[in-house]
Amino acid sequence: MNLHIDSERLKGEIEELAKISNAEPPAVTRVVFSRADLEARAWVAALCSDVGLQIRQDAIGNTFARWVGSDASAPAVGTGSHIDAIPNAGKYDGVVGVLGGLAAIRALQRSGFTPRHSIELLIFTSEEPTRFGVGCLGSRMLSGTLSAEAAAALTDKDGHTVDEVRRSAGIAGELRDVRLPTGYYKAFVELHIEQGPLLERQGLPLGIVSRIAAPASLRWEITGAGGHAGGVLMPDRRDALCAAAELILAVEAAARGSGAVDTVATVGVCDVFPGAVNSIPSRVHLMLDIRDTDLARRDGAMQAIAAACQSIASKRNVTIAAQPINADAPADCSPQVIAALTDSCRELSFPFTTMVSRAYHDSLFMSRIAPTGMLFIPCRNGVSHRPDEYSSPEDIARGVLVLAQTLARLSA
Ligand code: GLV
Ligand code: MN
Ligand code: MN
């Protein structure tokens, strides 16, 4: 098959999409169901329509763009990713899998290839947890990991439910219909930037993912006692922020002490009440993100953190209430999809390595309902979730070429 990726066009589309954002360039912010997110989805959907893909949207806003195969009733081969972006993000996270997936489909069309199984490009809703606290909202629901009732009840910081927000964004239908029937996909494959430094350090252009780490997250509400910063003497204090500071360090110690580099833990949200320089913090809201490729080790670190919570609460006479958000299992990628990616790399004479994904992806949930695999490309200095995130057009085009070849193999 003679496949040619139009790298110039793809580069231009990545730049165009980055302009649909709520941040000053080069930063990109596209929070789910914001005006920018909706505009970006419509823009990508129009590109898909232009090449004859059939578009449908489900009740949570997942968008499916289908190139109908010669056997229209056979299970489809899925690809795609997300285009929502955390505050102050870059241009490539998720986007490479969506616009790259479309570029792969265009290349296959131009080559004269006709798929037997339909090829379907997905734009997942809210891979990022920014608005509703939970990541991979769309793929969690597609896979039945998150029920319609639980999803409908999620709220944003203004107290609006998922159900209200998606309806006011013009997305209709019943959330209970989002779950896909078993066997809908023959296979699913996601192209993504690595979001870490390993490919670049090893001088390799491609990584085939074998396993996706297990993420968990939770909220803490720490309640102490406020008061006058001058009047309340130190022995009498129940400062919620001092307790939070100890807890944050206990999180770091638990991850560092697990004995494995794959244990990573972060407190990325810290809201202080009342937030005045001359007032003792009475309440602090923290959010924990913790991950590991090994479930037992991650849960062990979480137990160590829970024990630290108890001792900090009693030592400082504060309460620490924990509200779990998610605690997902890791996923193994499918041998069948790994083999298709491997054969494609070999056929194209591209060097590659096999690696784990420490970031989570919609593939974590797609793997619950379909044989799933992922392909990583390098990103400069391993940087992601920052405005200076960058992958070169050459690296992107190489990933798209392998994706196209793999889609052809899986859909033939
Ligand atoms: C995805 O954005 C992640 O946080 O891994
Ligand atoms: Mn991300
Ligand atoms: Mn991503």
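So, a few notes on the structure that sits alongside this text. Since the structure is predicted, the reported quantities are computational estimates derived from the model, not experimental observations.

Calculation criteria
- Every chain begins its residue count from 1, and numbering advances along the sequence as written.
- For this description, chains carry letters from A and ligands carry numbers from 1, given in the order in which they are written.
- Local features in this predicted model are restricted to residues whose pLDDT is 70 or higher, and side-chain atom pairs enter the listing and the counts only when it is 80 or higher, whereas totals over whole chains, interfaces and linings include all residues.
- Side-chain figures throughout are based on the complete set of non-hydrogen atoms in the structure, without hydrogens or water.
- A donor here means an N, O or S atom no more than 2.8 Å from the metal, or no more than 3.2 Å when the metal is Na, K or Ca. Since water is not included, a site may seem to lack partners.
- For helices the rule is a DSSP run of H or I covering at least 4 residues; for strands it is a run of E covering at least 2, with both sets numbered from the N terminus onward.
- Each residue is placed in one exposure class: buried if its accessible area under a 1.4 Å probe, protein chains only, is under 20% of its type's maximum, exposed if it is over 50%, and partly exposed if it falls in between.
- When two rings of Phe, Tyr or Trp (its six-membered ring) have centres within 6.5 Å they constitute a pair, described as stacked for plane angles under 30 degrees, edge-to-face for angles over 60, and tilted for the intermediate range.
- Lysine NZ or arginine CZ positioned within 6 Å of the ring centre and within 35 degrees of the ring normal marks a charge as sitting over the ring.
- The term salt bridge refers to a pairing of a side-chain nitrogen on Lys or Arg with a carboxyl oxygen on Asp or Glu at a separation within 4 Å.
- For two strands to be treated as a pair, DSSP must find no fewer than two bridges joining them.
- To estimate how far a helix should reach, multiply one less than its number of residues by 1.5 Å.
- As used here, the arc belongs to the directions running from the helix axis to the C-beta atoms.
- Working rule for contacts: check all heavy atoms of both residues, and any pair within 4.5 Å makes them a contact.

## Description of the coordination of the manganese ion (ligand 3)
Only His82 (NE2), Asp93 (OD) and His192 (NE2) from the protein reach the manganese ion (ligand 3) as donors, at distances of 2.0 to 2.3 Å. A spacing of 3.7 Å is found between the manganese ion (ligand 3) and the manganese ion (ligand 2), which share Asp93 as a donor. Placement of His82 in strand β4 (residues 76–82) and of Asp93 in the loop between β5 (85–89) and α3 (95–111) is noted, with a sequence separation of eleven residues between them. Given the relative accessible area of 9%, Asp93 is considered buried.

## A short note on the coordination of the manganese ion (ligand 2)
With distances of 2.0 to 2.1 Å, the protein atoms coordinating the manganese ion (ligand 2) are Asp93 (OD), Glu128 (OE) and His385 (NE2). Positions of the donor residues of the manganese ion (ligand 2) along the chain correspond to the pattern D-x34-E-x256-H.

## Here's the deal with the packing of aromatic side chains
On inspection of all chains with the given rule, the structure shows five aromatic pairs. Their ring planes at 85 degrees and their centres at 5.9 Å tell us that Tyr92 and Tyr390 sit as a pair that is edge-to-face. One end of the pair, Tyr92, is in the loop between β5 and α3; the other, Tyr390, is in the loop between β17 (372–377) and α12 (393–411), and 298 residues separate them in sequence. Exposure remark for Tyr92: the relative accessible area of 6% places this residue in the buried category. Owing to a relative accessible area of 30%, Tyr390 belongs among the partly exposed residues under this scheme. A centroid spacing of 5.7 Å and a plane angle of 75 degrees characterise the contact between Phe124 and Phe188, whose relative ring orientation is edge-to-face. In this pair, Phe124 is assigned in strand β6 (residues 119–124) and Phe188 in strand β7 (residues 185–193), connecting sequence segments 64 residues apart. Look at Phe124 and you get buried, because its relative accessible area is 2%. For the cation-ring pair, Arg56 lies above Phe64, with the distance from its terminal atom to the ring centre recorded as 3.8 Å. Note that Arg283 overlies the ring of Phe273, its terminal NZ or CZ placed 4.1 Å from the centroid.

## Things to note about the pattern of salt bridges
Think of it this way: side chains of opposite charge can pair up when their charged atoms draw near. This model, assessed by the stated rule, comprises 23 salt bridges. Between Arg386 and Asp388 there is a salt bridge whose closest N-O contact spans 2.8 Å. Overlapping salt bridges bring together Arg9, Glu13 and Arg106 as one network.

## Points about the pairing of strand β2 (residues 54–57)
Summarising the sheet, β2 and strand β3 (residues 63–67) pair through four bridges and their orientation is antiparallel. Of the residues in β3, the one forming a bridge with Ile55 is Ala65.

## What to know about helix α1 (residues 7–19)
Compared with the 18 Å implied by 1.5 Å per residue over 13 residues, the 19 Å span of α1 between its first and last C-alpha is a close match. The set of residues buried in α1 consists of Leu10, Glu13, Ile14, Leu17 and Ala18. The arc enclosing the buried residues of α1, seen along the axis, measures out at 140 degrees, which places them on a common side. Residues of α1 that are exposed and angled more than 90 degrees away from the buried face: Glu8 and Lys19. Residues of α1 that are buried make contact with β1 (28–30), α2 (35–50), α3 and α12.

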